[in-house]
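Commentary on secondary and tertiary structure
Residue strings, one per chain:
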Amino acid sequence: MDDDSFMLNFAPAKPKAIKKAPSKPEGSSTIGGSTTATTTKTKAATTTTNVSTTPKEPTTDETSASANSIKHLHGKAQIQSSLFTSNPAIQNESSSINTKSDQLPSNAPGAADDTHSFAAMGLCTELIQALSKMNVQQPTLVQRRALPLLLGPAQHQQTAYDLTNNSNTTKKSASDVDVVVQAQTGSGKTLTYLLPIVQRLVAASTYHTEKSTSSAAFGDRTIGTVAIILTPTRELAQQVTAVLQQLLQLPRATGDYRRHHWMVAGMVMGGDSKAKEKARLRKGVNLLVSTPGRLLDHLENTKSFDIRHLKWLVLDEADRLLDLGFEETLKKIMDLIKERTAQPPQTNFRQHLQSKVWPKSRQTILCSATLRDDVKHLAGTALVDPVFVRGSEQDNGSLSALDTAKNDDDDDHMDDDDDTKFTTPNQLNQTYTITPAKLRLVTLTAMLQQWVKDKTKASKVIVFFSCCDSVDFHYDLFANGGKPLKSDLDEDKDDLLAILDNHDDDDDDEDSKQRNYYPQKNKKTRKERQEEHDEFRRQPSQVSALLGGDLQGNSDNGVSVYRLHGDLEQHIRTSTFSTFSEASSGVLLCTDVAARGLDLPNVDCIIQYDPPTDMKDYVHRVGRTARLGKAGEARLFLLPSEMDYLPILKAQGMNIRSVTVESILANSFGKMQHVYETKAQEYQNQLERYVLSEEEHVMLARKAFWSSVRAYATHAASEKHVFHVKKLHLGHLAKSFALREAPSHLQDPNKLQKKKDAKQDRMPGKQKLLDKGNKSKHGKNDTKPPQKKRKQYDHADEFAIATADYMTGGPTTKKKKKAMMNAKA
Ligand SMILES: Nc1ncnc2c1ncn2[C@@H]1O[C@H](COP(=O)(O)OP(=O)(O)OP(=O)(O)O)[C@@H](O)[C@H]1O
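Going by the annotation in an unreviewed UniProt entry, the name recorded for the protein chain is ATP-dependent RNA helicase, with Absidia glauca given as the source organism. Note on the protein chain: under the UniProt heading Catalytic activity (unreviewed entry), the record states "ATP + H2O = ADP + phosphate + H(+)".

Right under this line is the structure:
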């Protein structure tokens, strides 16, 4: 390391003595304070690995330095805890649960088979050609089961396609019905609902020509919106619109005057210009894809938005749309749709709409990989006599999958489906790693570095975090943490000395300590900071030397990191989504905004760094890989206190194997224990130094820390016994944000500001001072109340980046001098 000289008390060196840990039982970890735990002592210039025999529960961030090697500053011991000490014991867990092997992919298209082809179902040649341009040749299981039903009774009469070789089916599809489609992620549900709509509109375009050549084919865009597809996220709306537009690029049939051009697909969504959307809606958007909030807005405020002839309403990721967050909006949408579609059709369209290719009344289609009793919310109101279609072999999808919810005697009645297990694709290789909080960051770094090294073909990784702030922090860290620090610390020695000399012991303001610690040289004006921040936020991706290289960031193998979350400006979200989609490789750091529905090519690994707050999210997150029969990997981080999540996964039938932290670190940093521990410590130190190098980085880390803790409190009630904030060791968790502060020093900036404001408001005579137009000591008019002099030094941990020379400067107050003397004695 270039700047090792500054690392007073955590600079690792060659291990002096390494005692090998005794052989451990299968599945247990050497990391932590259990009977098999190792304790690494990191001193000023020595790393020693010992074997501890007493299990320890973590209490405080303990010092690992021996008493006589502890440096003191202002009477405070300079403590840099080792990553490998004081970690909680990792219970023996069975190395894997529900391991299945050699199972055939469960979401792949079927083999070539004439009786189950798209043509046999009655799709028109133009659509089949459009599909083949998209490399879609044979239907998947869910498509085979649902398409015939959704194509409607008219299609059946023409093709006599036998849905599932069951006579019941013919009866059920004798009229158009509402349909609930549940099928695994990546099994082609989008085409399942889009193809029948487009097919039926194509049929509507030609219907009259079949009867009488004198009658014009239907093709009037002013019919308004006939299909609405609702999605929970903007990215999914964009994706569905893109697929729809591909389908609508129908080749012109020769010798016929089919008129498809009237079918216009469009999208309205939050973050886009409403005025432009209104103009488009006025012209007529026949197939509309939207997010709920913006749809409601247009329904309420855009007069020209005509949905009187609406025939299809699709709720993609329906369970998400039925969640609490959207409930109110969705209810209003449903009410407005009901009200508007109750109006009689316009006279010029009445005859066309009576043709058998159109559904007689509005058809509602619900889709998701995780639909259960959620649909009960809609049954009876928006859903009429719905038919349930499931799309996996495990679901025994023949006869029982196609039953109506109204049949109370039926075993597959929707109301009785609460026990439905959400399956993940068979071919998905799932693992979990019990990782002590302190080791989380280095383990993630090791995992991503290993992935970059192993990468032999184009492949992408998605890492899920619980909140936007955490995504921002890790994005910044991975993008810049591997580069040499911007400021040359050597040049800042003078600044540091000046700060030490000017400190004011009476100031107890932690925040000002933090602020004033940073060398003056690095101080930027507000404008500069804002510009830098804006620039950072504009980048859809950054190249990470850290993930692709060595400790010094020397690598040509840098990998692009991207981020996606709901706090980013819309144009950034859009460009990130499309660039990552088109990229051949890269790491996407994101929140659950990317968990649902996104079909990002070549994603072969999903890392859940923060566990999902709900089992459904687990299924959707891991479903971004192993799509359409392809292989994929999903890795889950769990804290030792979260072991009880394993039985929950087990109960869901998840096939998941254990992988130990040691094996991940060893794979990436070196086989021998002392080698990977030393390297891991070096990485941690480097990342901590990076964070401490600038005030902005610390603020980013603190925000991420607090937001993550808050997000932790949002786990589903049924999982609270596993994920409870009280179980978190905040000191250790801080380490995973490359922070050295104990949690008591980590102030939520917003909270701190409020506290300060409240304190100032309580200040006696404040109002009087303000009224008088208080004169400052410089004699200038000053409307602000007098401020305390800010403290010019910071607490111990942050000085750990200074050199030993500075540290030995020692305490400068009487009280601290006395404390130091006592300590030495
Ligand atoms: N029959 C098919 N043959 C080949 N590719 C297909 C077929 N059906 C769909 N696809 C492709 O499979 C991919 C996944 O489809 P889609 O996004 O619709 O899955 P999904 O079931 O909706 O997944 P999720 O539950 O994650 O939303 C898409 O790229 C789509 O174009």
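Glancing now at the site of the ligand. Taken together, the neighbourhood of the ligand is formed by 22 residues, with T185, G188, K189, T190 and G597 sitting nearest. Here the shell around the ligand gets three residues from one element, more than from any other, and that element is helix α6 (residues 189–211). Of the residues belonging to the shell around the ligand, the class tally is eight nonpolar, eleven polar and three charged.

The next subject is the sheet that holds strand β7 (residues 227–230). Read across the open sheet, the seven strands follow the order β8-β9-β7-β10-β11-β6-β12; overall the sheet is parallel. At either end of the open sheet lies a strand with only one pairing partner, and these are β8 (265–268) and β12 (387–390). The sheet shows a mean angle of 15° between the axes of neighbouring strands, direction not considered. Relative to β12, strand β6 (residues 179–182) runs parallel, the two sharing four bridges. Bridged to V180 within β12 is F388.

A separate point is the domain arrangement of the protein chain. Entries for the protein chain in the domain assignment read domain 1 (193–206 + 219–252 + 259–356) and domain 2 (428–483 + 536–736). Distance from the C-alpha centre of domain 1 to the C-alpha centre of domain 2: 37 Å. If you look at the interface, domain 1 gives 14 residues, while domain 2 gives eleven residues. Elements supplying a minimum of two residues to the side of domain 1 that touches domain 2: α7 (234–248) and α10 (318–321). Looking at the side of domain 1 that touches domain 2 element by element, the count peaks at five residues for α7.

Let us look at the pairing of strand β18 (residues 603–608). The buried count for β18 comes to six of six residues, which makes it a mostly enclosed element. Pairing of strand β14 (residues 460–464) with β18, which is carried by five bridges, proceeds in the parallel orientation. Within β18, the position partnered with V463 by the bridge is I607. Relative to strand β19 (residues 632–638), β18 runs parallel, the two being bridged by four bridges. Each bridged residue has a counterpart across the sheet, and for C605 the counterpart in β19 is E633. Considered for its hand, the β-α-β crossover made up of β18, helix α20 (residues 615–622) and β19 is right-handed.

So, how was this worked out
- Residues numbered from 1 in each chain as written.
- Predicted model: local features only at pLDDT ≥ 70, side-chain atom pairs only at ≥ 80, totals over all residues.
- UniProt positions renumbered as here; feature names shortened; annotations may be inferred.
- Near = placed C-beta within 6 Å.
- Helix = DSSP H or I, 4+ residues; strand = E, 2+ residues; numbered from the N terminus.
- Nonpolar A, V, L, I, M, F, W, Y, C, P; charged D, E, K, R; others polar.
- Pairing = 2+ DSSP bridges.
- Axes fitted to C-alpha atoms, helices over the stretch in contact; angles between N-to-C directions.
- Domains from an automatic or database assignment.
- Contact = placed C-beta atoms within 7 Å.
- Buried ≥ 20, exposed ≤ 12 C-beta atoms within 10 Å, placed from the backbone.
- Right-handed = clockwise from strand over helix to strand, strands pointing away.

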